[in-house]
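Commentary on secondary and tertiary structure
Here's the letter readout for the chains.
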Amino acid sequence: SKVMERVNKDSAMQVQVPLKWLPFTNLLQQHTERLPTVVKLNEITKNAGRLCGIQSDEEAHRMVEFHHSLGLLLHFTSTPALCNNVVVDVEWLLTVTSALLHPLSTKNPQFSKHFCLLHTHGILLESLAMHIWSTRCSQSSKLMTDER
């Protein structure tokens, strides 16, 4: 079939992945409710040996980057403030980010000017982010204030 021809030609489908990475993939796909929203990269590298038999930090980092490329987690290596954090609940990040783009009406008039500033000039004040995200997820303030 044409679908199988396309799959066979697509270079992304031809990536060889070590089988020992599969327990990590399974954990991300099936057990996200047991995982924290954000995990420190060093926690993943520390537990990669136990979970997957990975002995080096380099291989653990390659495993994280592979799963990032699949969209199963988010790891931003080019941003120093974020490079030590791995978002394992991508849906959570989309939810809190969408709250900035489509904010719920707030009963606190203090934030109406903040929303206007965000939407007209692209300036997000920390107080507005904390207000929105604290109502969405209890771990959001930890993500924002960690490693400042």
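Check the entry above for the structure.
Attention in this report is confined to the structure presented alongside it. No experiment lies behind these values; they were computed from the predicted model shown.

Another aspect to go through is the packing of aromatic side chains. Counted under the stated rule, the structure contains one aromatic pair. A centroid spacing of 5.8 Å and a plane angle of 50 degrees characterise the contact between Trp 21 and Phe 66, whose relative ring orientation is tilted. Of this pair, Trp 21 sits in the loop between α1 (2–9) and α2 (22–30) while Phe 66 is found in helix α4 (residues 57–70), placing the two residues 45 residues apart along the sequence. There is no split in this pair, since Trp 21 and Phe 66 are both buried.

With respect to the secondary-structure elements, His 61 resides in helix α4. Residue classification places His 61 among the partly exposed residues on the basis of a relative accessible area of 33%. Sequence separation between His 61 and Leu 41 is 20 residues, and the spatial gap between their C-alpha atoms is 8.2 Å. Excluding residues that lie within four positions of it along the chain, His 61 makes contacts with Leu 41 and Thr 45.

Core analysis: the biggest nonpolar cluster contains 16 residues, and Phe 24, Ile 44, Ile 54, Met 63, Val 64, Leu 73 and Val 86 have the highest contact counts within it. Residue assignment for this core shows that the elements contributing at least two residues are α2, α3 (41–52) and α4. Discounting residues that sit within four places of it in the chain, Leu 73 has contacts with Phe 24, Leu 28, Val 64, His 67, His 68, Val 86, Val 87, Val 88 and Val 90. Ranked by size, the runner-up nonpolar core spans 15 residues in total, among them Trp 92, Val 96, Phe 115 and Leu 128.

Axis angle and axis distance: for two packed helices, these are the angle between their axes and the distance between the axes, and together they describe the pair. Relative orientation of the contacting elements α2 and α3 amounts to 110 degrees, with a least axis distance of 9 Å. Classified by the angle between their axes, α2 and α3 sit roughly perpendicular to one another. Seen from α2, the contacting residues are Pro 23, Phe 24 and Leu 27; seen from α3, they are Ile 44, Leu 51 and Cys 52. Taken together, the residues that form the contact of α2 with α3 break down as six nonpolar, no polar and no charged.

Conventions adopted
Residues numbered from 1 in each chain as written. Predicted model: local features only at pLDDT ≥ 70, side-chain atom pairs only at ≥ 80, totals over all residues. Heavy atoms only, no water. Phe/Tyr/Trp six-rings, centres within 6.5 Å; stacked < 30°, edge-to-face > 60°. Helix = DSSP H or I, 4+ residues; strand = E, 2+ residues; numbered from the N terminus. Buried < 20%, exposed > 50% of the residue type's maximum accessible area, 1.4 Å probe, protein only. Contact = heavy atoms within 4.5 Å. Core = buried A, V, L, I, M, F, W, Y, C linked by side-chain atoms within 4.5 Å. Axes fitted to C-alpha atoms, helices over the stretch in contact; angles between N-to-C directions. Parallel < 35°, antiparallel > 145°, perpendicular 65-115°, else oblique. Nonpolar A, V, L, I, M, F, W, Y, C, P; charged D, E, K, R; others polar.

Remember, this is a structural readout, not a statement about activity or role.
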